[in-house]
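The primary structure of each chain is shown beneath.
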Amino acid sequence: MSDTSVEQRAAKIKLLILDIDGVLTDGRVIYDQDGHELKFFDIKDGHGIKLLQRAGFQIAWLSGRKSIPNQVRARELGIDELVEDCKIKLPEFQRLVSERGLKPEQAAFMGDDLIDLPPMRACGLAMAPADAWPEVRDMAHWVATLPGGRGAVRQACELLLKACGKWKEVAGRYFA
């Protein structure tokens, strides 16, 4: 990794790509008695995403698993693109970036496990939740103090908003 500061990297970001299981959720998959999959998404993470969207950021989710709860939550939050059942994430990361006319250094990626390392190496700002796998934390330019599914994404969103100078613009109404 270069000597570029986290703030300098964050100020260039236009697209945030998030893994889902272990980043937007706590990584657990729960099945009810009928075999329906349940997941826990944090409302604070969702609000952080909405703040980013208000500031003009694009958001994409890139998951190794296909899941109805992922689809429902992505629809609810108005996510620009949801890519599921993706076992090799780097080509999809590259497609998401290039289709938007961006450079890799304008994209941030937040992941928590080994499958996330290739896009983390390719992006401008690699991020991880506090409870990410050790190699993932070591690769990250920035590590949240909160775990996946429990506020890590919110912290990442605030980092991006503050670095580009839009925090007061999108969150100011709550402080007035």
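Residues numbered from 1 in each chain as written. Predicted model: local features only at pLDDT ≥ 70, side-chain atom pairs only at ≥ 80, totals over all residues. Heavy atoms only, no water.

Engineer: Is there a simple way to explain the environment of Ile-115 in this structure?
Structural biologist: Looking at the element boundaries, Ile-115 is found in the loop between strand 6 (107-110) and helix 5 (117-122). Note: C-alpha distance between Ile-115 and Gly-101 (14 residues apart in sequence) is 25 Å. Those residues within four positions of Ile-115 in sequence are excluded, and the remaining contacts are Cys-86, Lys-87 and Lys-89. (Helix = DSSP H or I, 4+ residues; strand = E, 2+ residues; numbered from the N terminus. Contact = heavy atoms within 4.5 Å.)

Engineer: Help me understand the pattern of salt bridges, please; the structure alone is not making it clear to me.
Structural biologist: Two side chains with opposite charge may pair up if their charged atoms get near one another. Scanning the model with the defined rule gives 16 salt bridges in all. The shortest N-O distance in the salt bridge between Lys-89 and Asp-19 comes to 2.9 Å. A residue pair is termed long-range when its members are at least 10 positions apart, and Lys-89 in helix 4 (residues 89-99) and Asp-19 in the loop between strand 1 (15-18) and strand 2 (30-31) qualify at 70 residues. The pair Lys-89 / Asp-19 is uniform in exposure class, with both members buried. Glu-92 is the partner of Arg-95 in a salt bridge, and the nearest nitrogen-oxygen pair spans 2.8 Å. On the criterion of helical spacing, the pair formed by Arg-95 and Glu-92 is a turn pair, its members being three residues apart in helix 4. Residue classification places Arg-95 among the partly exposed residues on the basis of a relative accessible area of 23%. Three or more residues joined by partner-sharing salt bridges are found here, namely Glu-81, Glu-92, Arg-95, Glu-99 and Arg-100. (Salt bridge = Lys/Arg side-chain N within 4 Å of Asp/Glu carboxyl O. Buried < 20%, exposed > 50% of the residue type's maximum accessible area, 1.4 Å probe, protein only.)

Engineer: What's the story with unusual backbone geometry in this structure? I'm lost.
Structural biologist: Unlike most non-glycine residues, Asp-85 shows phi in positive territory, near 55 degrees. Structurally, Asp-85 can be placed in the loop between strand 5 (81-83) and helix 4. On the basis of relative accessibility, which here comes to 46%, the residue Asp-85 falls in the partly exposed class.

Engineer: Any chance you could explain the pairing of strand 7 (residues 125-128) here in plain terms?
Structural biologist: Consecutive side chains along a regular strand alternate between the two faces of the sheet. Every second residue of strand 7 is oriented toward a common face, with Leu-125 and Met-127 on one face and Ala-126 and Ala-128 on the other, all of them buried. Relative to strand 7, strand 6 runs parallel, the two being bridged by three bridges. Residue Met-110 lies in a different strand from strand 7, and its bridge partner there is Met-127. The pairing of strand 7 with strand 8 (residues 142-143) spans two bridges and is parallel. Residue pairing in the sheet places Ala-128 in a bridge with Val-143 of strand 8. Since strand 7 and strand 8 lie parallel, the crossover through helix 6 (residues 134-139) that links them has a hand, and here it is right-handed. (Pairing = 2+ DSSP bridges. Right-handed = clockwise from strand over helix to strand, strands pointing away.)

Engineer: Can you walk me through helix 3 (residues 68-77) in this structure?
Structural biologist: Residues spaced three or four apart along an α-helix face the same direction, because each turn holds 3.6 residues. Regarding helix 3, the residues found buried are Pro-69, Asn-70, Arg-73, Ala-74 and Leu-77. Buried positions in helix 3, seen along its axis, are confined to an arc of 130 degrees and lie on one side of it. Away from its buried face, by an angle of more than 90 degrees, helix 3 presents the exposed residues Ile-68, Arg-75 and Glu-76. Where helix 3 is buried, its residues contact strand 3 (37-38), helix 2 (43-54), strand 4 (58-62) and strand 5. (Arc of directions from axis to C-beta.)

Engineer: Which parts of the structure should I look at to understand the environment of Tyr-174?
Structural biologist: Along the chain, the position of Tyr-174 falls in helix 8 (residues 167-175). A C-alpha to C-alpha distance of 30 Å links Tyr-174 and His-141, two positions 33 residues apart in sequence. Residues contacting Tyr-174, with those up to four places away along its chain left out, are His-47, Leu-51 and Arg-54.

Engineer: What should I look at first to understand the packing of helix 2 against helix 7 (residues 152-163) in this one?
Structural biologist: Each pair of packed helices gets described by two things: the angle between the helix axes and the distance between those axes. Following both chains from N to C, one finds helix 2 and helix 7 inclined at 25 degrees, their axes separated by 7 Å at the closest point. One way to sum up the angle between helix 2 and helix 7 is to call them roughly parallel. For helix 2 against helix 7, the interelement crossing comes out left-handed. The residues of helix 7 that touch helix 2, namely those facing Lys-44, Asp-45, His-47, Gly-48, Ile-49, Leu-51 and Leu-52, are Ala-152, Val-153, Arg-154, Cys-157, Leu-160 and Leu-161. Split into classes, the residues belonging to the contact of helix 2 with helix 7 amount to eight nonpolar, two polar and three charged. (Axes fitted to C-alpha atoms, helices over the stretch in contact; angles between N-to-C directions. Parallel < 35°, antiparallel > 145°, perpendicular 65-115°, else oblique. Left-handed = near helix turned anticlockwise from the far one by under 90°. Nonpolar A, V, L, I, M, F, W, Y, C, P; charged D, E, K, R; others polar.)

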